[in-house]
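# What the coordinates show
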Amino acid sequence: MFENSKKVESSSSPSEYDEPNPSEAGSANAPLTRPPGVHRVCLPPRQTSVQKLRRRLLEIFFPDDPLHRFKDQTWFRRLVTGLQCSFPILKWAPHYSFKLLKCDVVSGVTIASLAIPQGISYAKLANLPPIIGLYSSFVPPLIYSVLGSSHHLAVGPVSIASLVMGTMLSEAVSYTEEPALYLKLAFTSTFFAGLFQASLGFLRLGFIIDFLSKATLVGFMAGAAIIVSLQQLKGLLGIVHFTSKMQKFPYLSSITETRVISSLQWSWQTIVIGVSFLALLLTTRHISSRRPRLFWISAAAPLTSVILSTILVVCLKSKLHDIQTIGQLPKGLNPPSAHMLLFTGGHLALTIKTGFTTGVLSLTEGIAVGRTFAALKNYQVNGNKEMVAIGLMNIAGSCSSCYVTTGSFSRSAVNYNAGAQSGVSNIIMAGAVLITLLFLMPLFHYTPNLILAAIIITAAVSLVDYEAAYKLWKVDKLDFVACLCSFFGVLFISVALGLAIAVGISVFKILLNVTRPNTVWLGNIPGTQIYQNRNRYTQAVRVPSFLILGIEAPIYFANSTYLQERILRWIREEEQWLASNDICDLRCVILDMTAVTAIDTSGLDMISELRKMLDNRSLKLVLANPVGSVMEKLHKSNVLELFHFEGLYLTVGEAVSDISSSWKDQA
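Criteria and cut-off values
- Residues numbered from 1 in each chain as written.
- Predicted model: local features only at pLDDT ≥ 70, side-chain atom pairs only at ≥ 80, totals over all residues.
- Heavy atoms only, no water.
- Helix = DSSP H or I, 4+ residues; strand = E, 2+ residues; numbered from the N terminus.
- Buried < 20%, exposed > 50% of the residue type's maximum accessible area, 1.4 Å probe, protein only.
- Contact = heavy atoms within 4.5 Å.
- Areas by Shrake-Rupley, 256 points an atom, 1.4 Å probe, with all protein chains shown as cover.
- Polar contact = N/O pair within 3.5 Å; in protein donor to acceptor, adjacent residues only side chain to side chain.
- Salt bridge = Lys/Arg side-chain N within 4 Å of Asp/Glu carboxyl O.
- Core = buried A, V, L, I, M, F, W, Y, C linked by side-chain atoms within 4.5 Å.
- Expected span 1.5 Å × (residues − 1).
- Pairing = 2+ DSSP bridges.
- 1 Å grid on protein atoms, 1.4 Å probe; cavity = no way out; pocket = protein on both sides within 12 Å on 5 of 7 lines; lining within 4 Å.
- Points joined across faces, edges and corners; volume = space filled by probe spheres on them.
- Nonpolar A, V, L, I, M, F, W, Y, C, P; charged D, E, K, R; others polar.
- Patch = residues over 30% accessible without salt bridge, like charges linked within 9 Å, V, L, I, M, F, W, Y side chains within 5 Å.
- UniProt positions renumbered as here; feature names shortened; annotations may be inferred.
- Bend = angle between axes of the 7 residues up to and from the residue.

### Notes on the overall build of the chain
- When helices and strands are tallied, the chain shows 25 helices and 8 strands.
- Here the chain holds 667 residues, and 50% of them are scored as buried.
- Of all intrachain contacts in the chain linking residues separated by at least 6 positions in sequence, the fraction that spans at least 24 positions is 80%.
- Accessible surface, the chain as shown: approximately 31,800 Å² in total, 62% of it carbon and sulfur.

Now the structure itself:
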């Protein structure tokens, strides 16, 4: 918006363009004095290069000014504040009460009932032993409860990260033929994921994950959800031989070929029981989504389904002998796995790539979920602290037989609706998982794989966000195209390449906005000094003899040539219109620089060349309201010498009034 302001940027020292030099008052080259009512355009306060660099770095890496709470504090208070910043649990633990504990116990037990079956299911999705999913629901939540700043984030394995890890590792190593090597690669990938996440937090480089835009994530998750659901048809339909490829067509062909070749590959008992439990889980999710107060129904449904299906298999063991079950799971706590990390060998590059990919995805999901529920409860989640917390818990997890974990949206939603008040709910959940690991593992021996497939499909369905896709189509067609490209990339190529396409589209969109910035034709709203886009405001009128253009982006090397060509086109089209309508000639071009927040040397050269080109055509070029940094560079590059007072104004309105008055005086 190009509403003009009378604000003048302060200057600690006068500029050579602020006032005429008294010694030059009688010379022919002395600049003209400003007419009354026309404001000066001042330079910003002078700063050394070190001061500018320091200020810029602070704005890039410390926009939230994290050290402000240490100001005017004693050394002891600074120590306490530092510990509270590093370990958020120290900030809320002193104020914790029994009333809050009751709420956290209820929410912790509730999410444990969801986390236990999901942990087992997601581990199988990553082609890992089911017990790894339970290990990953024990250690990481404990670490996050100490380091994390979200009160409602429920930590554990998630479907997308599990799918991506399983896909990328399975392309190089078979989890059936080399299970030990596959497990080592999974732990090593988790270590690199945590290392990458923690590094982003420590170095305050969290803006890197912003390259995954909301639009591309919507498409990516929807495509991944379909792939996940198709993959689980193996367990849901009882198919023995199934493709290991992660695309739509291999899955469908595997199903149809299996059905044609041998009907024995299909187990009707598995189909009936699996579809029945899937319908039950989807129904409970639908009820809870329609009535949030009944959240406990969908939260308890997975564990209830596991119990019922296990009892059914045990009671009808002789008749349901074709149904595949989980089998024996080891009892006990997480065994150490630091000795299983592989930092040498031919698979190092694979683990780094897998760790980076799963790290970005899990970090994006975890921070987004944490901020969502923080906004509902009116508290703030520090993004960099979250990166450090999630990264350190994954590093610790890789050394304690865990794979990549983050904040799950489904479990966090249940945690929030159950009344969680702090990170203690994660501790309670970890305690419930601990009891399961120590005493209840034999009960899962006869749990059928079909119920795990049903749980995963139910969770995957929620990842397909039709409403978000429709909103993208309605609001921004380019975002919708990015969403579709990401969706079809995952669905028809591969999950990893689909993610790469998503990132590539996000970067392309940024480059498109930078290299092809918007320029608008401004007109005057009658009776005011306001100049606005004529296409937007129909009441804005053309100003005779003036072409007023607004540039809505910084001017860089990537767009300077385009802007020059676009401005010359505006001028050509305006001159042609004036000639065809036999109206007075164009005499002045005004560039509103209000939205030009930065400029580089290529942009300065473009301004200089444009000024000279218009001078040769007897057209006047005027700049209106350049911001401080742009004004400073114009001054240092000597471009201002081409303009002087008559080519530089604080507002478009002042420029039009002053230049029109000068033309009248000359007439």
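### Some remarks on the side chain of Ser 337
- Within the secondary structure layout, Ser 337 lies in the loop between α13 (295–315) and α14 (348–376).
- In this structure the side chain of Ser 337 is engaged in a polar contact, spanning 2.6 Å, whose partner is the backbone oxygen of Ser 398.
- Setting aside residues up to four positions removed in sequence, Ser 337 forms contacts with Phe 187, Gly 397, Ser 398, Cys 399, Ser 400 and Ser 401.

### Some thoughts on the pattern of salt bridges
- Evaluation of the coordinates by the stated rule reveals 8 salt bridges.
- When the shortest N-O distance is used, the salt bridge between Glu 632 and Lys 52 registers 2.5 Å. Here Glu 632 is found in helix α24 (residues 628–636), whereas its partner Lys 52 is found in helix α1 (residues 49–61), with 580 residues between them in sequence.
- On the accessibility criterion, Glu 632 (17% relative accessible area) is buried.
- When the shortest N-O distance is used, the salt bridge between Glu 574 and Arg 542 registers 2.6 Å. Here Glu 574, found in helix α22 (residues 560–580), pairs with Arg 542, found in the loop between β4 (531–533) and β5 (546–551); they are 32 residues apart in sequence, far enough to count as distant.
- Exposure remark for Arg 542: the relative accessible area of 23% places this residue in the partly exposed category.
- Several salt bridges converge on common partners, so that one network encompasses Lys 52, Glu 632 and Lys 636.

### Notes on the nonpolar core
- Counting residues in hydrophobic clusters, the biggest one holds 98 residues, and the most contacted among them are Leu 128, Ile 131, Ile 132, Phe 220, Tyr 403 and Leu 437.
- Beyond its immediate stretch of four places on either side in the chain, Ile 131 contacts Leu 329, Pro 330, Leu 437 and Met 441.
- By size, the runner-up hydrophobic cluster in this structure holds 35 residues, among which are Leu 43, Leu 549, Ile 599 and Leu 610.

### What to know about helix α15 (residues 383–398)
- Its 16 residues place the ends of α15 22 Å apart at the C-alpha level, agreeing with the 22 Å of an ideal helix rising 1.5 Å per residue.
- With 12 of 16 residues buried, α15 is to be regarded as a mostly interior element.
- Every buried residue belonging to α15 is among Gly 383, Asn 384, Glu 386, Met 387, Val 388, Ala 389, Ile 390, Gly 391, Met 393, Asn 394, Gly 397 and Ser 398, and all of these are buried.
- As for α15, its buried residues are in contact with α6 (139–147), β1 (155–156), α8 (179–202), α14 and β2 (406–407).
- Here α15 starts with a cap whose side-chain oxygen sits 3.0 Å from the backbone nitrogen of Asn 384, and that cap is Asn 382.

### A word on the sheet that holds β4
- Strand order in the open sheet made by the 6 strands is β4-β3-β5-β6-β7-β8, with mixed pairing throughout. Each of the sheet's edge strands pairs with one partner strand only, and the pair in question is β4 and β8 (648–649).
- Pairing analysis gives 4 bridges linking strand β3 (residues 519–524) to β5, with the strands arranged antiparallel. Within the sheet, the bridge partner assigned to Trp 521 lies in β5 and is Leu 549.

### Brief notes about empty space enclosed by the protein
- On inspection of all chains with the given rule, the structure shows 3 cavities of 30 Å³ or more.
- Taken as a whole, the second largest cavity encloses approximately 40 Å³ of empty space.
- Residue composition of the lining of the second largest cavity, grouped by class: 2 nonpolar, 6 polar and no charged.

### Examining the environment of Ser 400
- When you line up the elements, Ser 400 lands in the loop between α15 and β2.
- By relative accessible area, Ser 400 is classed as buried at 12%.
- Between the alpha carbons of Ser 400 and Leu 333 there is a distance of 9.3 Å; along the sequence they are 67 residues apart.
- Discounting residues that sit within four places of it in the chain, Ser 400 has contacts with Val 139, Asn 334, Pro 335 and Ser 337.

### Quick look at a nonpolar patch on the surface
- Taken together, the side chains of Leu 53, Leu 57, Ile 60, Phe 207, Ile 208, Phe 211, Ile 510, Val 514, Tyr 556 and Phe 557 present a nonpolar region at the surface, about 850 Å² in accessible area.
- Elements that contribute at least two residues to the nonpolar patch include exactly α1 and α21 (495–515).
- Per-element tally for the nonpolar patch: the top contributor is α1, with 3 residues.
- In this structure, Ile 60 sits in helix α1.
- Here Ile 60 falls in the partly exposed class, since its relative accessible area comes to 34%.

### So, the environment of Asp 476
- The residue Asp 476 is located in the loop between α19 (466–475) and α20 (477–492) in this model.
- It is 9.6 Å that separates the C-alpha atoms of Asp 476 and Ala 215, two residues lying 261 residues apart in sequence.
- A polar side-chain atom of Asp 476 sits 3.0 Å from the main-chain amide nitrogen of Leu 478.

### Concerning the UniProt feature "transmembrane region" (unreviewed entry) in the chain
- In this structure's numbering, the residues bearing the UniProt feature "transmembrane region" (unreviewed entry) are residues 153–175, 181–203, 215–243, 263–282, 294–314, 427–444, 450–468 and 480–508.
- Split by type, residues 294–314 is 95% helix and 0% strand. Its first and last C-alpha atoms lie 31 Å apart.
- Structurally, residues 427–444 is divided into 78% helix and 0% strand, and its ends, taken at the C-alpha atoms, are 23 Å apart.

### Section: the environment of Phe 187
- For Phe 187, the location among the structural elements is in helix α8.
- With relative accessibility at 1%, the residue Phe 187 sits in the buried group.
- Taking C-alpha positions, Phe 187 is 4.9 Å from Ser 398, a pair spaced 211 residues apart along the chain.
- Ignoring any residue separated from it by four or fewer positions in sequence, one finds Phe 187 in contact with Ile 132, Ser 337, Met 340, Leu 341, Ser 398, Ser 401 and Cys 402.

### Topic: the pairing of β3
- Burial runs high along β3: 6 of the 6 residues are buried.
- By the bridge criterion, 3 bridges tie β3 to β4 in an arrangement that is antiparallel. Looking at β4, one finds that Leu 522 is bridged to Asn 533.
- Taking the residues between adjacent antiparallel strands as the criterion, β3 and β4 are bridged by 6 residues, where Gly 527 takes a positive phi near 85°.

### What about α13?
- Here α13 is 21 residues long and its end C-alpha atoms lie 31 Å apart, about the 30 Å a rise of 1.5 Å per residue gives.
- Residue Ala 301 marks the point of greatest curvature in α13, where the axis turns by about 40°; the proline Pro 302 follows within four residues.
- If you check which residues of α13 are buried, you get Phe 295, Ala 299, Ala 301, Pro 302, Ser 305, Val 306, Ser 309, Thr 310 and Val 313.
- Against α4 (98–125), α12 (268–290), α16 (409–417) and α18 (449–461) lie the buried residues of α13.

### What about the side chain of Asn 625?
- Position of Asn 625 relative to the elements: it lies in the loop between β7 (620–624) and α24.
- Owing to a relative accessible area of 18%, Asn 625 belongs among the buried residues under this scheme.
- Separated by 3.3 Å, the side chains of Asn 625 and Thr 594 make a polar contact.
- With residues near it in sequence (within four places) discarded, Asn 625 still touches Met 593, Thr 594, Tyr 649 and Leu 650.

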